[in-house]
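# Chain and residue survey
Listed below are the residues making up each chain.
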Amino acid sequence: MPLMRFLGARLVSVIPVMLGVSMLTFGLLYLMPGDPVLLLVSGVEGDVASEQIQQIREEFGLDDPLPMQYVSFVGAALTGDLGRSIHQGHEVTGLILEALPNTLELTGMALLIAALVGISTGVIASLFHGRWPDRVSMFGSLLWLSMPEFWMAIVAIMVFASWLGWFPVFGAGGIEFLILPATILGLRSAAAIARLTRSSMLEVTHAQYIMTARARGIGEPKILWVHALRNAIIPIVTLLGLQLGYLLGSTVVVEVVFSRPGVGSLLIDAVLDKDVPVIRGTVLFLAVIYVLVNLIVDATYGLLDPRIREAA
Amino acid sequence: MSASGERTLSEKSEIAAVASGDAVEPAVVARGARDRCRDAWRQVKHFFADPVAFIAGLVILLLVIAAVLGPWIAPYDPAATDAAASLQGPSGAHWLGTDQLGRDIFSRILSGARLTLFVSVGAVSLAVLVGCTVGLVAGFVRGWSDAVLMRLMDILLAFPGLILAIVMAALLGPGIATVIIAVGVSGTPTFARVTRAATMRAAVEEYVLAARAVGCSRARLLLRHITPNILGPVVVLATLYLAYAVLTAAALSFLGVGVKPPAAEWGAMVNEGRDLLAVGWWVSLFPGVAIVLFVLAVNILGDRLRDVLDVASGADEVQGAEK
């Protein structure tokens, strides 16, 4: 039962956050410089005849009191209606769903690379604590964390796509379009994960239960993978969740550089076009996904470590 | 023991002993200014004894010099276009080549140093100022103000960092102030959380109890007793956040929502070279190298600072969370 209580408490704590997030995205329309009517329809001054403005105000309910507008905004969002883009009136939900598979594919692949490369590098570094594999991987990861991903993406395109011709340069499609952007995105997270894995493993290997396991004659591989890593993994799982937020944010940059149609490039195009309905929709969508992912991460380490359930 | 309740005699004398003993705040014990200077110098020497930290410090120093003296030491005017010298590769005349408009890239990188330093330090200052105030109040006052403030921070944290910065930039329109605010605000919740945790740890320490026992006001307690003792994690976090600020500010300008060209912003310069990879790889490459050098140096110093000040927790949060 404590597990269910723990999960319930987490779920409840998300409610005020979701309220705040929805209020902020709702408020974007009024916080953006410019007349809300124009922002919702075209974004260009003088594009709308003055007699039409009143009609639009009524159509979008802009004359209603703000709380009512907020309620109808949330109500519509809950049924999947995020409004229409100012360009050709495409439905925002449709635009997001169209772009989503590309973004999911990219973040999923990146997260996989991050977890595999990051954890194994961290474990190796901790096994060689203080010797050259440790030093090289730690300096390498710091260097990697210091490189802006948009620049790394450009350098990667320059080397692997333009000079060596191994991959197609731009666009989305098969696996060959995915490898370069996913690697750029994933290896950066891997660097952060490797550093945490190393320090977490080093902390754990001095614990008494490891000594006990050795004394009982358990083989080193089993000690490493079962006794040490299992205990070191909790902070790593937390970090993986946080990294997903980083990855969602950074897809913007990577999608722009590789000209991949995705949620991130949808957002940045909307920002550059002042397409408020699309900005609101994508931001709300990304924030909700991020909050849900963190909720799942919380639940996961409640599962991995009973002590956390007790403490909460 | 409760803060207001009556205390036994032995407890009182214990508190008095702690309050008077120099074990509480050794730095406050009267000493000459000269001694303090010597102490500080010894600490600085110890800090840079590590050769990697020394090199990193040197890189930062060079950047600061470039930021201050940029216009005087640059070989060319960073804004001067020269159609005859368009897209020249690195050479003796133009060390790092020229861009499409014939502007000298080395001179532009030098002048961009000032912009980068100004924006990143500004953003970190904003995040520290707002975040630490929130964290101190929340961690010290507790109760409903803690709940409200931290829920607000949670809402900011609900947006992936770069997305929040992009939205802020969209609200404010492109410009230097925009980037400072956007990057600063997206870092605020992390500082608030770390400061709050450190404040809560410090608030139950004996020296705070002692200060309270001798009748310190709450404001004095917070500013003179708690704040100096939680500076360690904040300083480490600020250093590591500086690296993040440089990267995020550059990303915003790269995406076209930050500092606009023709300003010599490093991220914007990388973007200008994006379509020229086949004819002028140097246009994108070198401004990026400048970013990497600066961020790497800051990261190295941040790591070193964390080791020297021995603050393990808190700073880890940023290391993973925001990068």
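Residues numbered from 1 in each chain as written. Chains lettered and ligands numbered in written order. Predicted model: local features only at pLDDT ≥ 70, side-chain atom pairs only at ≥ 80, totals over all residues. Heavy atoms only, no water.

### Some words on the packing of aromatic side chains
The way to describe two aromatic rings as a pair is by their centre distance and the angle between their planes. Operational definition: Each aromatic pair joins two rings of Phe, Tyr and Trp (for Trp, the six-membered one) with centres within 6.5 Å, and gets the label stacked for planes under 30 degrees apart, edge-to-face for over 60, and tilted for any other angle. Strands here are runs of E lasting at least two residues and helices are runs of H or I lasting at least four, both read from the DSSP assignment and numbered beginning at the N terminus. Think of it in three bands: with a 1.4 Å probe and only protein chains considered, a residue is buried below 20% of the maximum accessible area for its type, exposed above 50%, and partly exposed in between. Each ring is checked for a lysine NZ or an arginine CZ that lies within 6 Å of its centre and within 35 degrees of its normal; such an atom marks a charge sitting over the ring.
Taken as a whole and judged by the stated rule, the model has ten aromatic pairs over all chains. Seen in terms of ring centroids, phenylalanine 26 of chain A and phenylalanine 73 of chain A are 5.7 Å apart; in terms of plane orientation they differ by 50°. Their pairing is tilted. Separated by 47 residues along the polypeptide, phenylalanine 26 of chain A in helix α1 (residues 2-31) and phenylalanine 73 of chain A in helix α4 (residues 66-78) bring together distant segments of the chain. Judged by its relative accessible area of 9%, phenylalanine 26 of chain A is buried. With a centroid separation of 4.9 Å and an interplanar angle of 80°, the aromatic rings of phenylalanine 47 of chain B and phenylalanine 48 of chain B are classed as edge-to-face. With a relative accessible area of 11%, phenylalanine 47 of chain B lands in the buried category. Taken together, the ring pairs connect Phe26, Tyr30, Tyr70 and Phe73 of chain A into an aromatic cluster. The ring centre of phenylalanine 47 of chain B lies 5.9 Å from the NZ or CZ of arginine 304 of chain B, which sits over that ring.

### Describing helix α7 (residues 149-163) of chain A
Residue and element names in this part refer to chain A. What counts is decided by this rule: Here the expected span of a helix is defined as 1.5 Å times the quantity of residues minus one. We define the bend at each residue as the angle formed by axes fitted to the 7 residues ending at it and the 7 residues starting at it.
Taking 1.5 Å per residue, 15 residues should reach 21 Å; α7 reaches 20 Å between its end C-alpha atoms and fits that length. Largest kink in α7: about 30°, centred on isoleucine 157. All of the buried residues along α7 are Glu149, Phe150, Trp151, Met152, Ala153, Ile154, Ala156, Ile157, Met158 and Ala161. Of the residues one or two after α7, glycine 165 is the one with positive phi, at around 65°.

### Overview of the interface of chain B and chain A
Formally: When checking whether two residues touch, look at their non-hydrogen atoms; a contact exists if any pair is within 4.5 Å. The term buried area means the drop in 1.4 Å probe accessible area that two parts suffer when joined, counted for both and summed. Counted as salt bridges are all cases of a side-chain nitrogen of Lys or Arg within 4 Å of a carboxyl oxygen of Asp or Glu. Here a polar contact means two N or O atoms within 3.5 Å. Within protein one must be a hydrogen donor candidate and the other an acceptor candidate, and residues neighboring in sequence count only if both atoms are side-chain atoms. Put simply, Ala, Val, Leu, Ile, Met, Phe, Trp, Tyr, Cys and Pro go in the nonpolar bin, Asp, Glu, Lys and Arg in the charged bin, and everything else, Gly too, in the polar bin.
Each side of the interface is counted separately: chain B has 41 residues, and chain A has 48 residues. Across the interface of chain B and chain A, roughly 3900 Å² is buried in total on both sides, 82% from carbon and sulfur atoms. Inspection of the region where chain B meets chain A yields one salt bridge. We note a salt bridge from aspartate 303 of chain B to arginine 195 of chain A, for which the minimum N-O separation is 2.5 Å. Linking chain B to chain A there are five residue pairs in polar contact (both at pLDDT 80 or more). Within the residue set of the side of chain B that touches chain A, elements represented by two or more residues are α5 (143-157), α6 (161-172), α10 (231-255), α11 (266-272), α12 (281-309) and α13 (315-321) of chain B. Among the elements that make up the side of chain B that touches chain A, the one with the highest residue count is α12 of chain B (twelve residues). For the side of chain B that touches chain A, the residue count by class is 28 nonpolar, seven polar and six charged.

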